[in-house]
Amino acid sequence: MPFTHLDDSGRPSMVDVGDKSVTKRVATARATVVLGGEIMTELRKSGFTTGKGSIVQTAIVAGTMAVKQTWSVIPLCHPLPINGVQLTVEELDDTTLEVRCTVKTEGKTGVEMEALHGASVAALTVYDMCKAMSHGITVRELGLVSKRGGKSDFDHG
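What you see is a predicted model; the values in this text were computed from it and never measured.

Draft legend 1. Expanded view of the overall build of the chain. Secondary structure summary: the chain contains four helices and seven strands in total. Ordering the α and β elements of the chain from the N terminus gives β-α-β-β-α-α-β-β-α-β-β. Summarising its shape, the C-alpha atoms of the chain cover approximately 55 × 30 × 30 Å along the three principal directions. Counting every position in the chain, which comprises 157 residues, the buried fraction comes to 37%. Put simply, of all contacts in the chain between residues at least 6 apart along the chain, 71% involve residues at least 24 apart. A total of about 9,100 Å² of accessible surface is found on the chain, and carbon and sulfur atoms cover 55% of it. Both charge centroids of the chain, one from 17 positive and one from 18 negative side chains, sit 3 Å from each other.

Put into structure tokens, the structure is as follows:
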């Protein structure tokens with residue numbers, strides 16, 4: 001399978017989507033933030049708020065901003081009209097939060113990178129807001145969960 005972001009000479013190249021059809025596109029990505037039991041206990045006590053503010057609300061705003069700026073951070077991404085972003089930050093277990101980011105558009109190219117970028121920045125925001133409690137926090141398992149539209153659909157088991 002050829003790399004789509006290389007031209008015939010092997011140089012980086014933005015994919016020409018001019019001849020593609022406009023279709024509805026949706027993608028969901030996830031990331032986990034392993035905080036540890038002590039931090040999770042403290043966060044529950046405080047309603048997931050620190051001296052910096054609400055962890056969940058701040059992560060959602062940061063992730064949404066990231067989705068809208070993906071094209072300016074990932075060099076070969078197209079700027080896209082974003083129809084909607086749904087971000088959630090929820091407890092996965094006693095040590096871990098899960099961030100999910102779903103992005104929708106109608107366009108000629110998909111929104112996988114936007115969903116991945118949104119999930120990663122939201123997860124990093126959780127890290128930033130909690131790092132005063134520990135630098136042992138880890139962000140793990142960033143990945144695409146599903147995508148719809150375009151040539152093919154994808155579901156990660």
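There is more to say after this.
Draft legend 2. Quick look at the environment of Thr-4. Mapping Thr-4 onto the fold places it in the segment before β1 (23-34). Separated by 10 residues in sequence, Thr-4 and Met-14 place their C-alpha atoms 8.3 Å apart. Residue contacts for Thr-4: discarding those within four places in its chain leaves Ser-13 and Val-15.

Draft legend 3. Looking closely at the side chain of Thr-125. Topologically, Thr-125 is positioned in helix α4 (residues 112-130). Here Thr-125 is in contact with Thr-58, Ala-59 and Ala-62, once residues within four sequence places are set aside.

Calculation notes
Residues numbered from 1 in each chain as written. Predicted model: local features only at pLDDT ≥ 70, side-chain atom pairs only at ≥ 80, totals over all residues. Heavy atoms only, no water. Helix = DSSP H or I, 4+ residues; strand = E, 2+ residues; numbered from the N terminus. Buried < 20%, exposed > 50% of the residue type's maximum accessible area, 1.4 Å probe, protein only. Contact = heavy atoms within 4.5 Å. Areas by Shrake-Rupley, 256 points an atom, 1.4 Å probe, with all protein chains shown as cover. Lys, Arg positive; Asp, Glu negative; His and termini not counted. Charge placed at Lys NZ, Arg CZ, Asp CG, Glu CD.

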